[in-house]
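Structural overview for review
As a plain string of letters, each chain reads:
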Amino acid sequence: QQQVKQSPQSLIVQKGGISIINCAYENTAFDYFPWYQQFPGKGPALLIAIRPDVSEKKEGRFTISFNKSAKQFSLHIMDSQPGDSATYFCAAREAGGGNKLTFGTGTQLKVEL
Amino acid sequence: DVKVTQSSRYLVKRTGEKVFLECVQDMDHENMFWYRQDPGLGLRLIYFSYDVKMKEKGDIPEGYSVSREKKERFSLILESASTNQTSMYLCASNGGSKTQYFGPGTRLLVL
């Protein structure tokens, strides 16, 4: 049973374009939604995160959009750069569940010149 | 900076061997986690620990056990390795914040 569904599995974007990765969840007890970025040979690292009482959070070229009623959230990477090529994971934390995270299946992003 | 280290980057083991994967964090974090990462399946939680000698099963604990004798160290044990345990294993820790800090991973091949 996959609690956080992520799409697409892979994505190719031209340099300067917008990369969009989507996630959907069913568990309404989730109260924290981070995105992690993973480069080859490295462990994932926190990129940006949002709480469900906020509809959007922006940090530099990275924006999370959150739709509580639809139980969906997405990562937008503006002006995508080759250095953004990585695997991206969305995740969710359940309130009262300690600090456990449930991860999506990942999106492999490639930004081409 | 938080540092999470894993004892090996690559391991090759034979079916039936007992395998130990070690993880050490240097930030006095209470919580530590073991995940496996497989293509198309993302990160799946095997076990986690919220204190010394405490452990809880994650989503896929079968075939694994863990040990946390000291706060900074969390070990994953494969009692009898099988080929379907060939994977990337990631350790993570967190303390007061929600952020999990990951190690670089151990790529395990079971022949």
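What you see is a predicted model; the values in this text were computed from it and never measured.

Regarding the overall build of chain B
Looking only at helices and strands, chain B has 0 helices and 11 strands in total. Along chain B, from the amino end to the carboxyl end, the secondary structure elements read β-β-β-β-β-β-β-β-β-β-β. Each of the three principal axes of chain B carries a C-alpha extent, and together these read 40 × 25 × 25 Å. Within chain B, the fraction of its 111 residues that count as buried is 49%. Counted over contacts in chain B with a minimum sequence separation of 6, partners at least 24 positions apart contribute 54%. Summed over its atoms, the accessible surface of chain B is roughly 5,400 Å², and 49% of this surface lies on carbon and sulfur atoms. Within chain B, one finds 16 positive and 14 negative side-chain charges whose respective centroids are separated by 5 Å.

Quick word on the nonpolar core
Counting 24 residues, the largest nonpolar core has Phe33, Trp35, Phe73, Leu75, Tyr88 and Leu109 of chain A as the members making the most contacts within it. If you list the elements that add at least two residues to this core, you get β2 (10-14), β3 (19-25), β4 (30-38), β5 (45-50), β7 (62-67), β8 (72-77), β9 (86-94) and β11 (107-112) of chain A. A total of 4 residues in this core trace back to one element, the largest contributor, which is β9 of chain A. Ranked by size, the runner-up nonpolar core spans 20 residues in total, among them Leu21, Val66, Phe74 and Val110 of chain B.

Re the state of the cysteines
Residues and elements named next belong to chain A. Taken as a whole and judged by the stated rule, the model has 2 disulfides over all chains. Note on cysteine connectivity: Cys23 is disulfide-linked to Cys90, with sulfurs 1.9 Å apart. The sign of the -95° torsion about the S-S bond sets the Cys23-Cys90 disulfide as left-handed. Pair noted here: Cys23 is in strand β3 and Cys90 is in strand β9, with a separation of 67 residues, a long-range link. There is no split in this pair, since Cys23 and Cys90 are both buried.

Quick look at the interface of chain A and chain B
Contacts between the two partners involve 18 residues from chain A, matched on the other side by 21 residues from chain B. Of the roughly 1,500 Å² buried between chain A and chain B on both sides combined, carbon and sulfur atoms contribute 56%. Interface area lost by chain A to chain B is led by Asn99, Lys100 and Phe103 of chain A, which between them contribute 32%. There are 0 salt bridges connecting chain A and chain B. Here chain A is connected to chain B by 4 residue pairs in polar contact (both at pLDDT 80 or more). Listed by contribution, the elements that provide at least two residues to the side of chain A that touches chain B are β4, β9 and β10 (101-103) of chain A. Here the side of chain A that touches chain B takes 3 residues from β4 of chain A, the largest share from any one element. Taken together, the residues of the side of chain A that touches chain B break down into 7 nonpolar, 7 polar and 4 charged.

Comments concerning the environment of Asp1 of chain B
Mapped onto the elements of the fold, Asp1 of chain B is located in the segment before β1 (4-6). For Asp1 of chain B and Met27 of chain B, which are 26 residues apart along the polypeptide, the C-alpha to C-alpha distance reads 8.5 Å.

Observations regarding the packing of aromatic side chains
Inspection of every chain in the model, using the stated rule, returns 18 aromatic pairs over all chains. Measuring from ring centre to ring centre gives 5.4 Å for Phe103 of chain A and Tyr35 of chain B, while their planes differ by 90°; the resulting arrangement is edge-to-face. One end of the pair, Phe103 of chain A, is in strand β10; the other, Tyr35 of chain B, is in strand β4 (residues 31-38), on a second chain. Using a relative accessible area of 6% as the deciding quantity, one classes Phe103 of chain A as buried. For Tyr35 of chain B, a relative accessible area of 0% corresponds to the buried category. Among the aromatic residues, those joined into a cluster by ring pairs are Tyr36, Phe89 and Phe103 of chain A together with Phe33, Tyr35, Phe48 and Phe102 of chain B. Sitting over the ring of Tyr32 of chain A, Lys98 of chain B keeps its end group 5.2 Å from the ring centre.

Definitions and cut-offs
Each chain carries its own residue numbering, running from 1 in the written order of its sequence. Numbering of ligands from 1 and lettering of chains from A proceed in the order in which they are written. Owing to the predicted nature of the model, reporting of local features is limited to residues with pLDDT of at least 70; listing and counting of side-chain atom pairs is limited to 80 or more, with chain, interface and lining totals taken over all residues. To get the side-chain values, take all heavy atoms of the structure and skip hydrogens and water. Think of it this way: any DSSP run of H or I at least four residues long counts as a helix, any run of E at least two long counts as a strand, and we number them from the N terminus. Relative accessibility thresholds used throughout: buried, under 20% of the residue-type maximum; exposed, over 50%; partly exposed, between the two (1.4 Å probe, protein chains only). We call two residues in contact whenever any of their non-hydrogen atoms come within 4.5 Å of each other. Note on areas: Shrake-Rupley with a 1.4 Å probe; residue coverage comes only from the protein chains shown. Charge assignment in this entry is limited to Lys and Arg as positive and Asp and Glu as negative, and neither His nor the chain termini are counted. We put the charge of a Lys on NZ, of an Arg on CZ, of an Asp on CG and of a Glu on CD. We call a set of buried Ala, Val, Leu, Ile, Met, Phe, Trp, Tyr and Cys residues a nonpolar core when their side-chain atoms join them within 4.5 Å. To count as a disulfide, a pair of cysteine sulfur atoms needs to be within 2.5 Å. Buried area, as used here, totals the accessible surface that two parts lose on assembly, with accessibility defined by a 1.4 Å probe and the loss added over both. Put simply, a salt bridge is a Lys or Arg side-chain nitrogen that is within 4 Å of an Asp or Glu carboxyl oxygen. Each polar contact in these results corresponds to two N or O atoms within 3.5 Å; when the atoms are within protein, one needs to be able to donate a hydrogen and the other to accept it, and residues that are neighboring in sequence are counted only if both atoms are side-chain atoms. Polar here means any residue outside two lists: the nonpolar Ala, Val, Leu, Ile, Met, Phe, Trp, Tyr, Cys and Pro, and the charged Asp, Glu, Lys and Arg; Gly therefore counts as polar. Paired rings are identified among Phe, Tyr and Trp, the last through its six-membered ring, by centres lying within 6.5 Å, and are further divided according to the angle between planes into stacked (under 30 degrees), edge-to-face (over 60) and tilted (the rest). We call a charge positioned over a ring when the NZ of a Lys or the CZ of an Arg lies within 6 Å of the ring centre and within 35 degrees of the ring normal.

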